Amino acid sequence: MYIETSRLIIRDLVMEDWVHIHVYASNPKVTEHMIWGPNDEDETKSYVKQQIENQRAVDRTDFEFAVLLKDSNQLIGGCGIYIKELNAEIGYCFNPEYWRKGYASEASKALLKLAFEKFKVHRVYATCRPGNIGSANVLSKIGMKKEGHLREHLWTKGKFHDSYLFSILENEYTE
Ligand SMILES: CC(C)(COP(=O)(O)OP(=O)(O)OC[C@H]1O[C@@H](n2cnc3c(N)ncnc32)[C@H](O)[C@@H]1OP(=O)(O)O)[C@@H](O)C(=O)NCCC(=O)NCCS
């Protein structure tokens, strides 16, 4: 898969990406609200390897992409989309050097387009931990509505976590 937006390239992962991914995947500030991390080098390498294996799946439903700046070809983060029949879930994670520049919103808008126009889903959803103000702001900014608060639905890193649930429906989506 290869997608271009005004400032970004969103493409399938290749093994060499692991070095750039590891810069942020090993940073506890970045992984604070994630179910994984902070990674050691082997964890980042095996994550990339697993994603490359997933690319070969017939009727692939799970897509994890690298996000690069068009201008410099610098890898600045990752985003993903998981197709579940008429629904799709999206997610993202960026290198903090590139936060607050609108890149997560730009990449997520591209994922919505992919979900509604290519995969013809009816609903796209995402979750974020309630303390992850940045992520909740991204989801609102791209037109998603907060539809729920999931209470202690997730066990990770030694405790239960709540999540906010956001979604957007086909008829609410505008490019
Ligand atoms: C959450 C994350 C992806 C946001 O990425 P980003 O590229 O900085 O987001 P954007 O620049 O597109 O920001 C979108 C909006 O959210 C706001 N925002 C972003 N981070 C914010 C923060 N930490 N606090 C408050 N608002 C924030 C921006 O100001 C912007 O609003 P505006 O257009 O009104 O100014 C990034 O902080 C990140 O990678 N965090 C670690 C991984 C993670 O938590 N992933 C999400 C898991 S659910």
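Source: prediction; values computed, not measured.

What counts and what doesn't
- Residues numbered from 1 in each chain as written.
- Predicted model: local features only at pLDDT ≥ 70, side-chain atom pairs only at ≥ 80, totals over all residues.
- Near = placed C-beta within 6 Å.
- Helix = DSSP H or I, 4+ residues; strand = E, 2+ residues; numbered from the N terminus.
- Nonpolar A, V, L, I, M, F, W, Y, C, P; charged D, E, K, R; others polar.
- Contact = placed C-beta atoms within 7 Å.
- Core = buried A, V, L, I, M, F, W, Y, C linked by C-beta atoms within 7 Å.
- Buried ≥ 20, exposed ≤ 12 C-beta atoms within 10 Å, placed from the backbone.
- Pairing = 2+ DSSP bridges.
- Right-handed = clockwise from strand over helix to strand, strands pointing away.
- Axes fitted to C-alpha atoms, helices over the stretch in contact; angles between N-to-C directions.
- Parallel < 35°, antiparallel > 145°, perpendicular 65-115°, else oblique.
- Left-handed = near helix turned anticlockwise from the far one by under 90°.

S.K.: Got a sec to walk through the site of the ligand? Specific residues and values, please.
M.R.: Inspection of the region around the ligand gives 22 residues, with Trp99, Ala104, Ser105, Gly134 and Asn137 positioned closest. At the level of secondary structure, the elements contributing two or more residues to the shell around the ligand comprise strand E5 (87-94), helix H4 (103-118) and helix H5 (133-141). For the shell around the ligand, the element with the highest residue contribution is H5, accounting for six residues. Here the residues of the shell around the ligand sort into 11 nonpolar, eight polar and three charged.

S.K.: Residues and numbers for the environment of Ile21, please.
M.R.: Relative to the helices and strands, Ile21 is located in helix H1 (residues 18-25). Sequence-wise, Ile21 and Thr44 are 23 residues apart; in three dimensions their C-alpha atoms are separated by 7.3 Å. Other than its neighbours up to four places away in sequence, Ile21 contacts Thr44, Val48 and Gly78.

S.K.: Would you mind going over the nonpolar core in detail, with residue names and values included?
M.R.: Counting 44 residues, the largest nonpolar core has Val67, Ile81, Ala107, Leu111, Ala115 and Val124 as its most contacted members. Non-local contacts of Ile81, meaning those with residues more than four positions away in its chain, are made with Phe63, Ala88, Ile90, Leu111, Leu114 and Ala115.

S.K.: Break down the pairing of E5 for me, citing the residues and quoting the values.
M.R.: Both strand E4 (residues 75-84) and E5 contribute to a ladder of eight bridges, which runs antiparallel. Bridged to Gly77 within E5 is Phe94. Counted between consecutive antiparallel strands, the loop separating E4 from E5 contains two residues, among which Glu85 sits at a positive phi close to 55°. As paired strands, E5 and strand E6 (residues 123-128) are joined by three bridges and run parallel to one another. Its bridge partner lying in E6, Ala88 is registered against Val124. As a crossover connection, the stretch from E5 through H4 into E6 is right-handed.

S.K.: Account for the packing of H1 against helix H3 (residues 41-54), naming residues and giving values.
M.R.: Their axes nearest at 9 Å, the elements H1 and H3 cross at an angle of 125°. Our classification of the angle between H1 and H3 gives oblique. The handedness of the crossing between H1 and H3 is right-handed. Facing Trp18, Ile21, His22 and Ala25 of H1, the residues of H3 in contact are Glu41, Thr44, Lys45 and Val48. For the contact of H1 with H3, the per-class residue count stands at four nonpolar, two polar and two charged.

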